[in-house]
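# Summary of the model geometry
Each chain is listed here by its residues.
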Amino acid sequence: MQLWLAIVLIVVAFAAGFIISAFRSEKGAEGVIRKAREEELRIINDATKSAESKKREALVEAREEIHKNRSEYEREEKSRRSELQKQERRLQQKEENLDRKTDTLERKTETLNQKIAAIETQQEEIALIKKSQLEMLEKVSGYTVDEAKAYLINALKDEVTHEMAVKVKEIEAQYKEEAEDRAREIIVTAIQRCAADHASEVTVSVVPLPNDEMKGRIIGREGRNIRSIETLTGCDLIIDDTPEAITVSSFDPVRREIARLTLEKLIADGRIHPARIEEMFAKAQKEVNATIKSEGERAIFETNIHGVNQEIVKLLGRMKYRTSYGQNVLQHSIEVSHIAGLLASELGADVNTAKRAGLLHDIGKSIDHEVEGSHITIGVDIARKYRENEAVIHAIEAHHGDVEARTLVACIVQAADAISASRPGARRENIENYVKRLEKLEEISKSFPGIAGSYAIQAGREIRVMVKPEEVDEDHMVLLARDIAKKIEEELTYPGQIKVHVLRETKAVEYAK
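Predicted model only: the values in this text are computed from it and were never measured.

Rules used throughout
Residues numbered from 1 in each chain as written. Predicted model: local features only at pLDDT ≥ 70, side-chain atom pairs only at ≥ 80, totals over all residues. Heavy atoms only, no water. Helix = DSSP H or I, 4+ residues; strand = E, 2+ residues; numbered from the N terminus. Buried < 20%, exposed > 50% of the residue type's maximum accessible area, 1.4 Å probe, protein only. Contact = heavy atoms within 4.5 Å. Areas by Shrake-Rupley, 256 points an atom, 1.4 Å probe, with all protein chains shown as cover. Pairing = 2+ DSSP bridges. Phe/Tyr/Trp six-rings, centres within 6.5 Å; stacked < 30°, edge-to-face > 60°. Lys NZ or Arg CZ within 6 Å of the ring centre and 35° of its normal. Patch = residues over 30% accessible without salt bridge, like charges linked within 9 Å, V, L, I, M, F, W, Y side chains within 5 Å. Salt bridge = Lys/Arg side-chain N within 4 Å of Asp/Glu carboxyl O. Lys, Arg positive; Asp, Glu negative; His and termini not counted. Charge placed at Lys NZ, Arg CZ, Asp CG, Glu CD. pLDDT = per-residue confidence, 0-100. Expected span 1.5 Å × (residues − 1). Axes fitted to C-alpha atoms, helices over the stretch in contact; angles between N-to-C directions. Parallel < 35°, antiparallel > 145°, perpendicular 65-115°, else oblique. Left-handed = near helix turned anticlockwise from the far one by under 90°. Core = buried A, V, L, I, M, F, W, Y, C linked by side-chain atoms within 4.5 Å.

## Considerations on the overall build of the protein chain
Tallying secondary structure elements over the protein chain gives 14 helices and eight strands in all. Counting only residues that meet the buried cut, the protein chain has 30% of its 513 residues in that class. In the protein chain, the share of contacts with a sequence separation of at least 24, taken over all contacts with a separation of at least 6, comes to 62%. Counting only carbon and sulfur atoms, one obtains 53% of the accessible surface of the protein chain, whose full area is about 35100 Å².

Structural data, given as structure tokens:
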């Protein structure tokens, strides 16, 4: 019993301790809860106070911002109002000015209309007065208006013709005084500084023979040798009674030279037959081609021109065997190059371009018998093909006046070409062409009205024109001489210059009885 009692007591004690412990822990939890609630209330109160404080601060800042914005808006509004007021004042002033101008314009328009009406009235009065005066003048003078106009025009025409003739004389005299001495000095200086030999070229070559027996060998059996030579060379062999000589005839100088060399080689070799003729012809052809090249290089060296295409050099060499009116074209081109260079140096032009254009101005004559067209057209095509300077091409194109010379170099080449061609002995002229030129010169002179006769003298270097004194007066003589000279320049080709003399002679004859 005691054991069970002890156990019960122990259990009761443990229960009582547990109850007491639970009671104590419950009381501690209530205290914690109470403290937490108090802390919560404190935090809430602090947060409320802080929120109210921040709210008050935000309200203050908002009020200040509103006040600031309101002040700025008021300033802007005030500025806009003042600007609008200014614009209104300006517009008002403009309207007032416009009204004043409109009033002024209306007054001026009214005044102008009045003046126009007055002027129209005056014009009508003037027309009436003019008409009455013209009628009075017609009655007084005995001329109608058209007759009076014709009379005045004829009188003025004679007076103007006289004054024009006098003016032409004055201008010619002035230009002659200023230009002749200078031009003569330049040309003479250029000619004196460029001395060249002249030799007339012909279209035949004479090959000497060691004896007359060689003629038969050249002809060959039944003429086979001479036919072979003529076929290969394209030249004609003239074998006549001339002792110890054969004539080679051809208008192609290169072929004629090849034929001449072929004959000389055959004569020196002594063996003349078709196979040998072909062999000697080939050798002669090589020699002529080599000579052509060397002659072209010589021309380049003599004129001191650089950068010339080799094909142009060969064409220059071919001109050694080309003639124009009996003048060697290569020598003529070299001389024109020298004269053009000297004239260019005197006149301040480009010397190198002038010399180059002078040397190449007749380059078309080297192949004009092979290509269709004039030597000027062919020369321009050659120069363009080998990319020559445009100034050189223009000088080639203009050296005979086919196109108008636009550069000083082209004018210089024209002058140099004329100087070289007109030198005494430089060219020879076919007698038929010479006679035709003289006849054409006289015909041109006689084509003008009032001409009694014309006579070409001084080998065509001067034309003397006799006028009818009753049809041509002294004033018209000056104009007539200019017109004749101009027509000669347009229709006639001639070397140098032609002097035109216009002569007027009056006679009075009376008999004493």
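## Quick notes on the pairing of strand β7 (residues 462-467)
In this sheet, β7 lies alongside strand β6 (residues 451-457) in antiparallel orientation, the contact comprising six bridges. Paired with I457 across the bridge in β7 is E462. Sheet topology places β7 next to strand β8 (residues 499-504); six bridges connect them, and they run parallel. Bridge assignment links V467 to a residue of β8, and that residue is R504.

## Points about the packing of aromatic side chains
For the structure shown, the criterion picks out zero aromatic pairs. K487 extends its terminal NZ or CZ atom over the ring of F448, reaching a point 5.4 Å from the ring centre.

## Re the environment of G341
By the element assignment, G341 lies in helix α8 (residues 329-347). When its relative accessible area of 6% is taken as the criterion, G341 is described as buried. Taking the C-alpha atoms as reference points, G341 and V409, 68 residues apart in sequence, are found 9.5 Å from one another. Discounting residues that sit within four places of it in the chain, G341 has contacts with V351 and K355.

## Structural notes on a negative patch on the surface
A cluster of like negative charges, contributed by E57, E61, E64, E65, E72 and E76, occupies part of the molecular surface. Relative to the helices and strands, E64 resides in helix α1 (residues 2-141). Taking relative accessible area as the criterion, E64 reaches 52% and is therefore assigned exposed.

## Quick look at the confidence of the model for the protein chain
On average, residues of the protein chain score 80 in pLDDT, and 84% of them reach the 70 mark or higher. When pLDDT is averaged over each helix and strand of the protein chain, the minimum, 68, is found for helix α2 (residues 145-193) and the maximum, 89, for helix α9 (residues 351-360). Every residue in residues 195-202 is under pLDDT 50, and counting partners more than four places away or in other chains gives 17 contacts.

## Re the environment of A405
Along the chain, A405 falls in the loop between α11 (390-398) and α12 (408-422). Owing to a relative accessible area of 22%, A405 belongs among the partly exposed residues under this scheme. In the structure, A405 is positioned ten residues away from A395 in sequence and 7.4 Å away in space, judged by C-alpha atoms. Residues within four places of A405 in sequence aside, it is in contact with H394, A398, A410, C411 and Q414.

## Focus: helix α6 (residues 274-303)
Taking 1.5 Å per residue, 30 residues should reach 44 Å; α6 reaches 43 Å between its end C-alpha atoms and fits that length. Of the residues trailing α6, N304 is marked for its positive phi of about 60°.

## Considerations on the sheet that holds β8
Taken in spatial order, the three strands make up an open sheet running β6-β7-β8, and their pairing is mixed. Edge positions in the open sheet fall to β6 and β8, since each of these has one partner strand only. Sheet twist, expressed as the mean angle between neighbouring strand axes with direction ignored, is 20°. Each of β6, β7 and β8 is contacted by helix α14 (residues 474-491), which is oriented at about 150° to β8, the strand it contacts most.

## A few points about the pattern of salt bridges
According to the stated counting rule, one finds 18 salt bridges in the structure shown. Residues D269 and R276 are paired through a salt bridge, measuring 3.0 Å at the closest nitrogen-oxygen approach. Through salt bridges that share partners, D269, R271, R276, E279 and K283 make up one connected network.

## Overview of the packing of α9 against α11
The contact between α9 and α11 brings their axes to 9 Å, and the two run at 45°. One way to sum up the angle between α9 and α11 is to call them oblique. Relative to α11, α9 is oriented so that their crossing is right-handed. Residues T353, R356, A357 and L360 of α9 lie in contact with α11, whose contacting residues are A391, V392, A395 and I396.

## What to know about the environment of I334
Of note, I334 is situated in helix α8. Residue I334 is classed as buried on the basis of its relative accessible area, which comes to 3%. As for I334 and I300, which are separated by 34 residues in sequence, their C-alpha atoms are 8.7 Å apart. Apart from residues lying up to four places away in sequence, I334 is in contact with R298, A299, E302, T303 and L359.

## Details of the nonpolar core
Core analysis: the biggest nonpolar cluster contains 40 residues, and I312, L316, L359, L360, I363 and I382 have the highest contact counts within it. Of all elements in the fold, only α6, α7 (310-318), α8, α9, α10 (375-385), α11 and α12 reach the threshold of two or more residues within this core. Sorting elements by how many residues they give to this core places α8 first, with eight residues. Excluding residues that lie within four positions of it along the chain, L316 makes contacts with G296, I300, L330, L359, L360 and I363. The next biggest cluster of nonpolar side chains, apart from the first, holds 17 residues, and it includes V207, I229, I267 and M280.

## Looking at unusual backbone geometry
The phi dihedral of E222 falls on the positive side, at around 55°, and the residue is not glycine. Looking at where E222 falls in the secondary structure, it is placed in the loop between α3 (213-219) and α4 (224-233). Of note, the phi angle at N304 is positive, near 60°, even though the residue is not glycine. Tracing the backbone through its elements, the reader meets N304 in the loop between α6 and α7.

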